[in-house]
Amino acid sequence: MSEQQPRPFDAPDAFDEIVDAETDRDPDLAVIEAGSRTLRTQAGPPRGDQVPARPADPEVDKTLREIEQELASRWGETKLEPSVSRITALMDLLGEPQHAYPSIHITGTNGKTSTARMIEALLGAFELRTGRYTSPHVQSITERISLDGVPMDAERFIATYRDIKPYVDMVDSSQDYRLSFFEVLTGMGYAAFADAPVDVAVVEVGMGGGWDATNVIDGSVAVITPISLDHTDRLGGTPAEIAAEKAGIIKQGATVILAQQSVDAAQVMLKKAVEVDATVAREGMEFGVVSREVAVGGQLVTLRGLGGEYEEIFLPLYGAHQAHNASVALAAVEAFFGIGDQHARTLDMDTVRTAFASVTSPGRLEVVRRSPTVILDAAHNPAGARVSADGVTEAFGFSRLIGVVGASDDKDVKAVLEAFEPVFTEIVVTQNSSHRAMDADMLAAIAVEVFGDERVVVEPRLDDALEAAITLAEEEAEYSGAGVLVTGSVITVGEARLLLGKG
């Protein structure tokens, strides 16, 4: 960094603190400390940063860390036994809380969390109390379970865990394998929603669909976001094979909101819908994006819903993919209210506009710093990287874009880098603190194949990588239009978000 510019981090040893805190915990499950804006406490559209800080009370923080440690001792989200037998047993002992409210169930490869947040905002704007369950988290484990658009506070998270813990122990003792990390959290989410109680749950699958732990709900609306190749070792090597697993969330008589898909994937979904007598609404046919234009702070879109057109909606998110996510979210909420089936009308236009204008999606083309502009995006597979590259090009038009990439070693890293190659002037390769992180030198070897040696910088520590990228962006002077994009992994983005003082 030049002497005129401060370090981009609040504390020079912030990265060391992250690593030290993770010594005795599974990094994938750890909570990355971060500040947050004031969170909304009443029902309605979610606002603000939506990323909670560590508990201020030391005793509460200590108890939360103990629970994180216990969860970390279980199977992580990358180790699975394809079965819903354990979660079914837990739900039975808890009195079937997942049937206490209607649900909107979301699967797909990319866009699930952003779509879930949009659905939540719309439902909240129409004065319904919502529960949202999404994964993975960006910085805090409590982000995964939200009530009324606000992540569950630490005290409630602890209480919910303690409430279900005796039943978790009973299932553990009666099954061949203990409940996994994700299964316990799913049980907590469903129990918390019933206890609230919520009017509707918005539930994102963890992986796949049919055997995913979330798939013990009867989603009256099944949402399928775009399907592409990811987790191929577990879900299949083609879009059709992956679609077959994800189609497992389509229930008897449900309404299916189908985002644009490859022909093979769409055929699988449509066949499943016919088998269970489900109604299908397809993006590009029954609903879709009519028009969109870049606007300050996001984009202005016109959407065609199941009941008619919704004009001049401001969406404070970047990229064409977010406009498509918005169209899917709108159709899902219309279907939930019976529009397009029982009723031929639109939702209240002003309420829809207010809801979309309130949407946030941390870590999805999120601007966290200016001069130079630093953007975070959690793209971690080739399809996600392509839409991220397109989105940042369209919305920002940087004269020079420096990439900071830290990836997991189980991803198609070369294809991700190839998607970014046309838009990155230079790339700084690094690694996050997860045990699944690809070694920086290994990542650099792949990056050199894609970018050539002169465009690749290696900085194993993420804080050093961020500083190097910002320095490179500043080389063209203050008003040059250079920027930095941090990407490659949700964990990388979460840790960068902390280091850059977001919130």
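To be clear, the structure that these remarks concern was listed above.
Residues numbered from 1 in each chain as written. Predicted model: local features only at pLDDT ≥ 70, side-chain atom pairs only at ≥ 80, totals over all residues. Heavy atoms only, no water.

Asker: Describe the overall build of the chain, naming the residues involved and giving the relevant values.
Answerer: Across its full length, the chain holds 16 helices and 17 strands. Long-range pairs, those at least 24 residues apart, make up 73% of the contacts in the chain between residues at least 6 apart in sequence. Per element, the accessible surface of the chain, about 19,000 Å² overall, is 48% carbon and sulfur. (Helix = DSSP H or I, 4+ residues; strand = E, 2+ residues; numbered from the N terminus. Contact = heavy atoms within 4.5 Å. Areas by Shrake-Rupley, 256 points an atom, 1.4 Å probe, with all protein chains shown as cover.)

Asker: Describe helix H6 (residues 181-195), with residues and values.
Answerer: The end-to-end C-alpha distance of H6, which contains 15 residues, comes to 21 Å, matching closely the 21 Å that a straight helix rising 1.5 Å per residue would cover. With 13 of 15 residues buried, H6 is to be regarded as a mostly interior element. (Expected span 1.5 Å × (residues − 1). Buried < 20%, exposed > 50% of the residue type's maximum accessible area, 1.4 Å probe, protein only.)

Asker: If you had to explain the pattern of salt bridges to someone new, which residues and values would you point to?
Answerer: The full count for this structure, using the stated rule, is 23 salt bridges. For Arg54, the salt bridge goes to Asp61, with nearest N and O atoms at 2.6 Å. Across this residue pair, the class does not change: Arg54 and Asp61 are buried. Notably, a salt bridge pairs Asp61 with Arg65, separated by 3.1 Å at the nearest N-O pair. Note that Asp61 and Arg65 are positioned in helix H2 (residues 58-72) at a spacing of four residues, about one turn of the helix. (Salt bridge = Lys/Arg side-chain N within 4 Å of Asp/Glu carboxyl O.)

Asker: Outline a nonpolar patch on the surface, listing residues and values.
Answerer: On the surface, Leu93, Tyr167 and Met170 cluster together into a nonpolar patch covering about 250 Å² of accessible area. Along the chain, Met170 falls in helix H5 (residues 154-174). (Patch = residues over 30% accessible without salt bridge, like charges linked within 9 Å, V, L, I, M, F, W, Y side chains within 5 Å.)

Asker: Give a detailed account of the packing of helix H4 (residues 112-125) against helix H10 (residues 320-336), specifying residues and quantitative values.
Answerer: Packing of H4 against H10 leaves a shortest axis separation of 9 Å and a crossing angle of 45 degrees. Relative to H10, the element H4 is oriented oblique. You can see that H4 and H10 cross each other, and the crossing is right-handed. Counting all contacts with H4, which are made through Ser114, Thr115, Met118, Ile119, Leu122 and Leu123, the residues of H10 involved are Gln322, Asn325, Ala326, Val328, Ala329, Leu330, Ala332, Val333 and Phe336. Broken down by class, the residue content of the contact of H4 with H10 amounts to eleven nonpolar, four polar and no charged. (Axes fitted to C-alpha atoms, helices over the stretch in contact; angles between N-to-C directions. Parallel < 35°, antiparallel > 145°, perpendicular 65-115°, else oblique. Left-handed = near helix turned anticlockwise from the far one by under 90°. Nonpolar A, V, L, I, M, F, W, Y, C, P; charged D, E, K, R; others polar.)

Asker: Describe helix H11 (residues 349-357), and please don't skip the residues or the numbers.
Answerer: Regarding H11, the residues found buried are Thr351, Val352, Ala355 and Phe356. Across the axial projection of H11, the buried residues extend over an arc of 125 degrees, all falling on one side. Next to the buried residues of H11 lie H4, strand E10 (298-304), strand E11 (309-315) and H10. Its side-chain oxygen at 3.4 Å from the backbone nitrogen of Asp350, Asp348 defines the N-terminal cap of H11. (Arc of directions from axis to C-beta. Polar contact = N/O pair within 3.5 Å; in protein donor to acceptor, adjacent residues only side chain to side chain.)

Asker: How would you explain the nonpolar core if you had to name every residue and give the values?
Answerer: With 38 residues, the main nonpolar core has Met118, Ile119, Leu123, Val223, Ile257, Val352 and Phe356 as its most contacted residues. Secondary structure elements with two or more residues in this core: strand E1 (103-107), H4, strand E5 (200-204), strand E6 (219-224), E10, E11, H10 and H11. Ranked by residues supplied to this core, first place goes to H10 with nine residues. Setting aside residues no more than four positions away along its own chain, Ile257 makes contact with Val221, Ala222, Val223, Ile224, Ala281, Phe287, Leu306, Val328, Ala331, Ala332 and Ala335. (Core = buried A, V, L, I, M, F, W, Y, C linked by side-chain atoms within 4.5 Å.)

Asker: So what about the packing of aromatic side chains? Which residues, and what values?
Answerer: This model, assessed by the stated rule, comprises nine aromatic pairs. Consider the rings of Trp75 and Tyr177, whose centres lie 4.9 Å apart with planes at 40 degrees: the pair is tilted. In this pair, Trp75 is assigned in the loop between H2 and helix H3 (85-94) and Tyr177 in the loop between H5 and H6, connecting sequence segments 102 residues apart. By relative accessible area, which is 22% here, Trp75 ends up partly exposed. For Tyr177, a relative accessible area of 40% gives the class partly exposed. Ring-pair connections join several aromatic residues into one group, and the members of that group are Phe126, Phe336 and Phe337. (Phe/Tyr/Trp six-rings, centres within 6.5 Å; stacked < 30°, edge-to-face > 60°.)

Asker: So what's going on with the pairing of E5? Residues and values would help.
Answerer: Of all five residues that make up E5, five are buried, and the element is covered over most of its length. The two faces of E5 match: Val200, Val202 and Glu204 on one face and Ala201 and Val203 on the other face are all buried. Sheet topology note: the strand E2 (residues 130-133)/E5 ladder contains four bridges and is parallel. By the bridge assignment, Arg132 is partnered in E5 with Val202. (Pairing = 2+ DSSP bridges.)

Asker: Would you mind going over the side chain of Ser114 in detail, with residue names and values included?
Answerer: Relative to the helices and strands, Ser114 resides in helix H4. On the accessibility criterion, Ser114 (5% relative accessible area) is buried. Not counting residues within four places of it along the chain, the set of residues in contact with Ser114 comprises Gln322, Asn325, Ser361 and Arg364.

Asker: I'd like a rundown of the packing of helix H13 (residues 413-420) against helix H14 (residues 440-451), residues and numbers included.
Answerer: Packing of H13 against H14 brings their axes to within 10 Å, and their N-to-C directions diverge by 45 degrees. Our classification of the angle between H13 and H14 gives oblique. Crossing handedness for the pair H13 and H14: right-handed. On the side of H13, the interface is formed by Val413, Lys414, Leu417, Glu418 and Phe420, while H14 contributes Leu443, Ile446, Ala447, Glu449, Val450 and Phe451. Here the residues of the contact of H13 with H14 sort into eight nonpolar, no polar and three charged.

Without other data, these values stay purely geometric and don't point to any function.
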